[in-house]
Amino acid sequence: MTYVVIGLGKFGHNVAKGLAQQGEAVIAIDHSEEKVRDVSDMVQDAITLDSTDLRALQEAGISDADVVIVSIGENIEASILTVMALKELGIETVVAKAITQVHGQILSKLGAAKVIYPEMESAKKLVKKLVKNMHYETIDLSITMKLAKMTLPEFWIGTSILSPTFEVDYEVKPVAYKHQGEWHTSFEKDDILEKGDILVVLGNSNNIEALSKKV
């Protein structure tokens, strides 16, 4: 398959580079000679042209492409005109980057097969990562040993702090827990973990990492 990436800002540059690294044939396009030069040694072909110019696209042979990714940044007008030109050329699969929901709706109506919102997706991933980190934090004690502090996961609610399940099933050792605002570092058999407790466990790096995927 031949991919064309139009617009070589940060997103477009990384898409072109990533596709090329996967062994795909990539043609990279931008109106900036500098951006084209930056990606030229990574892709099959890199061309400086105005992507809103139908004739320029025709002369560059873009009509033979299997997939065209339009990654034009803040210039919404150029983005729309480029998608219009590509559809006029008969490109079936146009993937277009959108800045806003309205922009995306317009691109869809013009025939874009898929509209992506990289800034919104990046924000969602960041929020998810931040929230996840609030519930699970790790501290490196050495190259091989870590502490993990977490909001008690559901699968440990109602478990005794001295239960063998920690070491047998997860290969970690509880070293402290916080219940109703008070930290405890010495345990009794009838100390039962409850929802909302904070738990600190010790384990080797691999086991702490494995636990993070279950929490």
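Residues numbered from 1 in each chain as written. Predicted model: local features only at pLDDT ≥ 70, side-chain atom pairs only at ≥ 80, totals over all residues. Heavy atoms only, no water.

## Examining the overall build of the protein
No. 1: Check the secondary structure of the protein and you find eight helices and 11 strands.
No. 2: Against the compact-globule benchmark of 17 Å for 215 residues, the protein has a radius of gyration of 26 Å, which places it well outside the compact range.
No. 3: Counting over 215 residues, the protein shows a buried share of 40%.
No. 4: Pairs at least 24 apart in sequence give 51% of the contacts found in the protein among residues at least 6 apart.
No. 5: Taken as a whole, the protein presents about 12,700 Å² of accessible surface, with 50% of it coming from carbon and sulfur. (Helix = DSSP H or I, 4+ residues; strand = E, 2+ residues; numbered from the N terminus. Rg over C-alpha atoms; globule rule 2.2 N^0.38 Å. Buried < 20%, exposed > 50% of the residue type's maximum accessible area, 1.4 Å probe, protein only. Contact = heavy atoms within 4.5 Å. Areas by Shrake-Rupley, 256 points an atom, 1.4 Å probe, with all protein chains shown as cover.)

## Let's talk about the sheet that holds strand β2 (residues 25-30)
No. 1: Across the sheet, six strands lie side by side as β3-β2-β1-β4-β5-β6; this open sheet has parallel pairing. In the strand order of this sheet, the two ends are held by β3 (45-48) and β6 (114-116), each with one partner. Mean inter-strand twist for the sheet, computed between neighbouring axes without regard to direction, equals 15°.
No. 2: Pairing of β2 with β3, which is carried by four bridges, proceeds in the parallel orientation. Its bridge partner being in β3, Ala 28 is matched across the sheet by Ala 46.
No. 3: Contacting β1 (2-6), β2, β4 (67-70), β5 (93-97) and β6, helix α1 (residues 10-21) crosses the sheet at an angle of about 165° to β1. (Pairing = 2+ DSSP bridges. Axes fitted to C-alpha atoms, helices over the stretch in contact; angles between N-to-C directions.)

## A look at helix α4 (residues 76-88)
No. 1: Under the 1.5 Å per step criterion, the end-to-end length of α4 is 18 Å for 13 residues, consistent within 8% with the ideal 18 Å.
No. 2: Three or more residues of α4 are buried, namely Ala 78, Ser 79, Ile 80, Thr 82, Val 83, Ala 85 and Leu 86.
No. 3: Here the buried face of α4 lies against β1, α3 (54-59), β4, β5 and α5 (101-109).
No. 4: Among the residues trailing α4, Gly 90 stands out with phi positive, at a value near 90°. (Expected span 1.5 Å × (residues − 1).)

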